[in-house]
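# What the coordinates show
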Amino acid sequence: MLTNANSFRRVAAGTSLILAPLCLLLGMAADPSEPGVDDPLAYAHNPGAVGVSATLLHYAWILWVPGVIGLVHLVRRKGVVLANIAGVIAVLGLINFSALMISDFFDIVAFRMLPVDQAEKLMQDAAQPAMIVAWQMPGMIGSFLGLVLVAVAYAWGGRAGWWFPAGVLVGILVWLFGASAWNLVLGLGGPVILLVVFGIVGVSMIRMRDEEWATSASA
């Protein structure tokens, strides 16, 4: 497969679309925070679990990149402009967002070495304007908006039904609401939805013929 450009890139993109939401699901499941409890020491008391969670979440965003590139590659006529623009937004957002996962490791050290109030002030002060404007906002907005728009372009180009972008949007909203509300069911439910919809598309990409991958024209 390594000597066949079409086979390798097709399978790599399809596999990435499966592994990315799977890592997101496992990363959320490994997070030691107790649902409904705002415990600032949760990370300090569970460094191993935090390390596993942050690493899985980091690779979730990274693994979505080749998958997004594969989706954009298959949009050839209808929706191609949207696919190209959305692909750039998504890739830049995902790369930025993955970098933000490193803050979890600083949470561990800060809350283990300092009183809670000092640790909280340190983490708040670390959120400099440049970090928020150039890293956090592009990461969050670019990742979520980009993934939805790429899915819209993919459906618009005739590559999947409109259930795909609808499922991506619902999955992201459910996950964000669950994470902000400290709701374990919703926090894991969103990644499950994303795993299903991206998994279906990823499997179809893996099973696709090389000729279709190389020459496919949107309906």
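In what follows, the structure referred to is the one given above.
Quick look at the overall build of the chain now. A tally of helices and strands in the chain yields 10 helices and zero strands. Going residue by residue from the N terminus, the α and β elements of the chain occur as α-α-α-α-α-α-α-α-α-α. Rg of the C-alpha trace for the chain: 19 Å, near the compact-globule value of 17 Å for 219 residues, within the 12% margin. Taking the principal axes of the C-alpha coordinates as reference, the chain spans close to 60 × 35 × 30 Å.

To continue, consider the layout of surface pockets. Computed from the structure, the largest pocket encloses a volume of approximately 1700 Å³. D31, Y43, S103, D104 and D107 are, among the 46 residues lining the largest pocket, the residues nearest its centre. Element by element, the count of residues in the lining of the largest pocket is highest for helix α5 (residues 103–113), at seven residues.

Axis separation between helix α3 (residues 47–74) and helix α7 (residues 129–156) bottoms out at 10 Å; the angle between their running directions is 25°. In terms of their interaxial angle, α3 and α7 are classed as roughly parallel. The chirality of how α3 crosses α7 is left-handed. Contacts between α3 and α7 involve W61, W64, V68, L71, V72 and L74 from the first element and F144, L147, V150 and Y154 from the second. The residue inventory of the contact of α3 with α7, partitioned by class, reads 10 nonpolar, no polar and no charged.

Bringing the packing of aromatic side chains into the picture now. Enumeration according to the criterion identifies 10 aromatic pairs in this entry. A ring pair is formed by W61 and F97, whose centres lie 4.7 Å apart and whose planes are at 40°; its orientation type is tilted. Here W61, found in helix α3, pairs with F97, found in helix α4 (residues 80–100); they are 36 residues apart in sequence, far enough to count as distant. Of the two residues, W61 and F97, both sit in the buried class. These aromatic residues form a ring-pair network of at least three members: W61, W64, F97, F144, Y154, W163, F164, W175 and F198.

On to the pattern of salt bridges. In total, this model carries four salt bridges according to the counting rule given. In this structure, K121 engages D125 in a salt bridge whose closest nitrogen and oxygen atoms are separated by 2.7 Å. One end of the pair, K121, and the other, D125, are both in helix α6 (residues 116–126), four residues apart, so they sit about a helical turn from each other.

This part covers a nonpolar patch on the surface. Taken together, the side chains of V133, M137, M140, I141 and L145 present a nonpolar region at the surface, about 440 Å² in accessible area. Following the sequence through the fold, M137 ends up in helix α7. The partly exposed category is assigned to M137, whose relative accessible area is 41%.

Moving on to the packing of helix α1 (residues 5–30) against helix α9 (residues 184–206). Where α1 meets α9, the axes come as close as 8 Å, and the angle between the chain directions of the two elements is 170°. Between α1 and α9, the angle falls in the class roughly antiparallel. Helix-helix and strand crossings are classified by hand; for α1 and α9 the assignment is left-handed. Class assignment for the residues of the contact of α1 with α9 results in 20 nonpolar, five polar and one charged.

Moving on to the nonpolar core. The tendency in soluble globular proteins is for nonpolar side chains to be buried as a group. Of all hydrophobic cores here, the largest spans 43 residues; its most connected members are W61, W64, F164, V168 and F198. Of all the secondary structure elements, the ones that give two or more residues to this core are α1, α3, α4, α7, α8 (163–180) and α9. Here the element with the most residues in this core is α3; it accounts for nine residues.

This paragraph deals with the environment of H73. By secondary structure assignment, the location of H73 is in helix α3. Along the sequence, H73 and M113 sit 40 residues apart, while their C-alpha atoms lie 48 Å from each other.

With that settled, consider α7. Helix length check: α7, at 28 residues, gives a terminal C-alpha distance of 37 Å against a target of 40 Å (1.5 Å per residue), a fit within 8%. The largest bend in α7 is about 35°, located at P138. Residues of α7 that are buried include every one of G139, G142, S143, F144, G146, L147, V148, V150, A151, A153, Y154 and A155, and no others. Buried-residue contacts for α7 involve α3, α4, α8 and α9. Looking one or two residues past α7, G158 carries a phi angle of roughly 85°, positive in sign.

Here is what the cut-offs are and how they apply
- Residues numbered from 1 in each chain as written.
- Predicted model: local features only at pLDDT ≥ 70, side-chain atom pairs only at ≥ 80, totals over all residues.
- Heavy atoms only, no water.
- Helix = DSSP H or I, 4+ residues; strand = E, 2+ residues; numbered from the N terminus.
- Rg over C-alpha atoms; globule rule 2.2 N^0.38 Å.
- 1 Å grid on protein atoms, 1.4 Å probe; cavity = no way out; pocket = protein on both sides within 12 Å on 5 of 7 lines; lining within 4 Å.
- Points joined across faces, edges and corners; volume = space filled by probe spheres on them.
- Axes fitted to C-alpha atoms, helices over the stretch in contact; angles between N-to-C directions.
- Parallel < 35°, antiparallel > 145°, perpendicular 65-115°, else oblique.
- Left-handed = near helix turned anticlockwise from the far one by under 90°.
- Contact = heavy atoms within 4.5 Å.
- Nonpolar A, V, L, I, M, F, W, Y, C, P; charged D, E, K, R; others polar.
- Phe/Tyr/Trp six-rings, centres within 6.5 Å; stacked < 30°, edge-to-face > 60°.
- Buried < 20%, exposed > 50% of the residue type's maximum accessible area, 1.4 Å probe, protein only.
- Salt bridge = Lys/Arg side-chain N within 4 Å of Asp/Glu carboxyl O.
- Patch = residues over 30% accessible without salt bridge, like charges linked within 9 Å, V, L, I, M, F, W, Y side chains within 5 Å.
- Areas by Shrake-Rupley, 256 points an atom, 1.4 Å probe, with all protein chains shown as cover.
- Core = buried A, V, L, I, M, F, W, Y, C linked by side-chain atoms within 4.5 Å.
- Expected span 1.5 Å × (residues − 1).
- Bend = angle between axes of the 7 residues up to and from the residue.

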